[in-house]
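# Tertiary structure, described
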Amino acid sequence: MNYGLVIKVLDFSELTDDEKEYQPNNGSGKEYSNYLRMVYKGESIRLESDAMEPEDARFTRDLSWIPIALLKAYELGRDDGKFAVNA
């Protein structure tokens, strides 16, 4: 069994057909965006895109998913550490 968190940077061609369908077509287009996938224990738990219009790349842009994802990564790592100590 795969324990641990894995972060993958993907391009559009590496997404599933369902994931491709739901991506925003912002910026230069979803086909040219980069994607960040969080995988935990072999399961994809989050997928985010860097697709945004140039005028949206500012501090008022809602990028609230970033601290949420970092906190989740921390929590998963802490829980895995507890598992390793008790194994």
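Here goes a summary of the coordinates provided. Counting from 1, residues in each chain are numbered in the order their sequence is written. Residues qualify for local features only when their pLDDT is at least 70, as the model is predicted, and side-chain atom pairs are given and counted only at 80 or more; totals for whole chains, interfaces and linings, by contrast, use all residues. In computing side-chain values, all of the structure's heavy atoms are included and hydrogens and water are not.

## Some words on the overall build of the chain
- Helix and strand counts for the chain come out as two helices and three strands.
- Strands here are runs of E lasting at least two residues and helices are runs of H or I lasting at least four, both read from the DSSP assignment and numbered beginning at the N terminus. In sequence order, the secondary structure elements of the chain are arranged as β-α-β-β-α.
- Remark: exposure states derive from per-residue accessible area (1.4 Å probe, protein chains only) relative to the maximum for the residue type, with buried under 20%, exposed over 50%, and partly exposed in between. With 87 residues in all, the chain has 25% of them scored as buried.
- Two residues form a contact once any of their heavy atoms are found within 4.5 Å. Contacts spanning at least 24 positions in sequence make up 53% of the contacts within the chain whose residues lie at least 6 apart.

## Comments concerning the sheet that holds strand 3 (residues 43-49)
- Pairing between two strands requires that DSSP report at least two bridges joining them. If you trace the three strands from one edge of the open sheet to the other, you get 1-2-3, paired in antiparallel fashion. Each edge of the sheet is formed by a strand with only one pairing partner; in this case those strands are strand 1 (5-11) and strand 3. Within the sheet, the average angular offset between the axes of one strand and its neighbour, ignoring direction, is 20°.
- Bridge analysis of strand 2 (residues 34-40) against strand 3 gives six bridges, and the strand direction is antiparallel. Within the sheet, the bridge partner assigned to Tyr35 lies in strand 3 and is Ser49. In this analysis an axis means a line fitted to C-alpha atoms, helices contributing only their contacting stretch, and an angle means the value between N-to-C directions, from 0 to 180 degrees.

## Some words on the packing of aromatic side chains
- Working definition: a ring pair exists when centres of Phe, Tyr or Trp rings (six-membered ring for Trp) sit within 6.5 Å. Plane angles under 30 degrees give stacked, over 60 give edge-to-face, the rest tilted. On inspection of all chains with the given rule, the structure shows one aromatic pair.
- Judged by centre distance (6.3 Å) and plane angle (45°), the rings of Phe12 and Tyr35 are tilted. Residue Phe12 is found in the loop between strand 1 and helix 1 (17-22), and its partner Tyr35 is found in strand 2; the two are separated by 23 residues along the sequence. Comparing Phe12 with Tyr35, the two get one shared label, buried.

## A closer look at a nonpolar patch on the surface
- Candidate patch residues must exceed 30% relative accessible area and have no salt bridge, after which like charges are joined if within 9 Å and Val, Leu, Ile, Met, Phe, Trp or Tyr side chains if within 5 Å. Only the protein chains shown count as cover for residues, and all accessible areas are computed by the Shrake-Rupley method using a 1.4 Å probe. By definition here, a salt bridge exists when the distance from a side-chain nitrogen of Lys or Arg to a carboxyl oxygen of Asp or Glu is within 4 Å. Taken together, the side chains of Leu63, Ile66 and Leu70 make up a nonpolar region of the molecular surface, amounting to roughly 250 Å² of accessible area.
- Mapped onto the elements of the fold, Ile66 is located in helix 2 (residues 65-86).
- On the basis of relative accessibility, which here comes to 35%, the residue Ile66 falls in the partly exposed class.

## Focus: the pattern of salt bridges
- For the structure on display, the rule yields three salt bridges.
- With its nearest N and O atoms 2.7 Å apart, the salt bridge here joins Arg37 to Glu19. Here Arg37 is found in strand 2, whereas its partner Glu19 is found in helix 1, with 18 residues between them in sequence. As far as the burial class goes, Arg37 and Glu19 line up, both buried.
- The partner of Arg78 in a salt bridge is Asp79, with the nearest N and O atoms 3.7 Å apart.
- Note on Arg78: relative accessible area 36%, which makes it partly exposed.

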